[in-house]
Amino acid sequence: MQFSYEVKDSYAEVKSVGRLNMVAAPKLREVVAEVVAAGSSRVVVNLAETDFMDSSGLGALIGCLKAARQAGGDLRIAAVQPQVKMVLELTNMDRVLTAYATAEDAFGDD
């Protein structure tokens, strides 16, 4: 699993490549914490290249959402793949983590 991030004008985009599972979940938390600590509390996690997520990955996303909100911002997800979408829907977390088509769309209205 690889993570990278880029700070844009009004948000930071974290790109996730690979499987978001119990091995990768702590790294996602670490990367988002680093982004928030650097002053970007509005975060988009781009899941375009993440084709699998388990409960650990879901827990990491929720933890990251909490961290961003505690910093006065928000966390949104974009480009969700079918298996990841299924996990979100089965757990009803799609109501908390709204998926956007692209990273640009996530904070496009704000």
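Cut-offs applied
Residues numbered from 1 in each chain as written. Predicted model: local features only at pLDDT ≥ 70, side-chain atom pairs only at ≥ 80, totals over all residues. Heavy atoms only, no water. Salt bridge = Lys/Arg side-chain N within 4 Å of Asp/Glu carboxyl O. Buried < 20%, exposed > 50% of the residue type's maximum accessible area, 1.4 Å probe, protein only. Helix = DSSP H or I, 4+ residues; strand = E, 2+ residues; numbered from the N terminus. Arc of directions from axis to C-beta. Pairing = 2+ DSSP bridges. Contact = heavy atoms within 4.5 Å. Axes fitted to C-alpha atoms, helices over the stretch in contact; angles between N-to-C directions.

Thoughts on the pattern of salt bridges
In this structure the tally under the stated criterion is 5 salt bridges. Lys-8 is the partner of Glu-13 in a salt bridge, and the nearest nitrogen-oxygen pair spans 3.3 Å. Overall, Glu-13 belongs to the buried group, its relative accessible area being 4%. Between Glu-30 and Lys-27 there is a salt bridge whose closest N-O contact spans 3.4 Å. Of the two residues, Glu-30 and Lys-27 both sit in helix α1 (residues 25-37), 3 residues apart, roughly one turn of that helix. Residue Lys-27 is classed as partly exposed on the basis of its relative accessible area of 39%. A single salt-bridge network, built from bridges that share partners, covers Glu-6, Lys-8 and Glu-13.

Details of helix α3 (residues 82-90)
All buried positions along α3 are accounted for by Val-84, Val-87 and Leu-88. Along α3, the residues classed as buried sweep out an arc of 100° about the axis, all on the same side. Pointing more than 90 degrees away from the buried face of α3 are the exposed residues Pro-82 and Leu-90. Within two residues after α3, Asn-92 carries a phi angle of roughly 60°, on the positive side.

A closer look at the sheet that holds strand β5 (residues 99-100)
Strand pairing in a sheet relies on backbone hydrogen bonds, with the paired strands running either antiparallel or parallel. Taken in spatial order, the 5 strands make up an open sheet running β1-β2-β3-β4-β5, and their pairing is mixed. Two strands in the sheet have a free side with no partner beyond their single neighbour: β1 (2-7) and β5. Strand direction decides the pairing type here: strand β3 (residues 42-53) and strand β4 (residues 74-78), joined by 5 bridges, are parallel. Across the sheet, Val-43 pairs through a bridge with Leu-75, a residue of β4. The strands touched by α1 within the sheet are β1, β2 (12-20), β3 and β4, with β2 carrying the most contacts at an inclination of about 175°.

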